[in-house]
Structure formats: C-alpha cells, structure tokens
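Structural overview for review
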Amino acid sequence: MQLAPSKPPDKIRVLCTKCRVPFREKIKNIREGAQVQCPTCNKLITFSSDSADLGVQRAFTEVRRIKNGMLLSIHRGSGDGVMD
Ligand SMILES: [Zn+2]
C-alpha cells in the first residue's frame, strides 16, 4: 500500500478549440488515437501527436508532465518507504 502525500491528478484540463470552453478529461483517456467529446459543443476531439489542434497538443504536454512527475515520486517513495 502506498501513501502519497500529494496525489497526482487523474484528470487534466482540455481546451476545446471549437467552443473554447475547457473541460476535464481523464489522463488515461488521453492517448494517441483516442477520441473524446466536448461536453459543451459535442465536438469530437481526436488525440494525435501530429494534430494541429492546440488544445490537443497542450493536453499531451500536460499528460507527459504529470506522468514524469509520477515516475519521480515513485522512485523517491520506494527509496524512503521501505525503511520501516
Ligand atoms: Zn467544445
């Protein structure tokens, strides 16, 4: 069992490029080829790393940043946590 003092978010903000209204989407849903629907205007957003959509690019960047942070905290945690 792991105790994380600051739990990384499981959702990030995605900006819809059609209606410009941000919404929250689960990180695990944001991956190459995945599609989510904007809850405001129902636009289907396809996550692709070569998408010209700025909102998609930002979402990818954010997910990468959070995943890197999670890896770092896992490494740190396993070093300190076992000394009980
Ligand atoms: Zn929208």
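Described in the following lines is the structure provided in the data block. Everything numeric here is computed off the predicted structure, so don't read it as measured data. (Residues numbered from 1 in each chain as written. Predicted model: local features only at pLDDT ≥ 70, side-chain atom pairs only at ≥ 80, totals over all residues.)

Details of the environment of Lys26
Inspection of the secondary structure assignment puts Lys26 in strand β2 (residues 22-26). Between the C-alpha atom of Lys26 and that of Val63, which follows or precedes it by 37 residues, the distance is 9.7 Å. Leaving out residues up to four positions away in the same chain, Lys26 has contacts with Asp10 and Lys11. (Helix = DSSP H or I, 4+ residues; strand = E, 2+ residues; numbered from the N terminus. Contact = placed C-beta atoms within 7 Å.)

Concerning unusual backbone geometry
A positive phi angle, close to 70°, is found at Arg20, a residue other than glycine. With 10 C-beta atoms counted inside 10 Å, the residue Arg20 sits in the exposed group. A positive phi angle, near 65°, is found at Asn42, a position not held by glycine. Take Asn42: it is sitting in the loop between β3 (35-37) and β4 (44-46). (Buried ≥ 20, exposed ≤ 12 C-beta atoms within 10 Å, placed from the backbone.)

Some details on the environment of Val36
By secondary structure assignment, the location of Val36 is in strand β3. A tally of 19 C-beta atoms within 10 Å means that Val36 is categorised as partly exposed. C-alpha of Val36 to C-alpha of Glu25: the two residues are eleven residues apart in sequence and 8.1 Å apart in space. Setting aside anything within four residues of it in sequence, one finds Val36 in contact with Glu25, Asn29 and Ile45.

Digging into the pairing of strand β1 (residues 11-15)
Burial of the side chains of β1 is restricted to one face: Ile12 and Val14 are buried, whereas none of Lys11, Arg13 and Leu15 on the reverse face is. As judged from the five bridges shared by β1 and β2, these two strands associate in the antiparallel manner. Paired with Lys11 across the strands is Lys26, a residue of β2. The turn linking β1 back onto β2 is made up of six residues, and Arg20 within it adopts a positive phi angle of 70°. (Pairing = 2+ DSSP bridges.)

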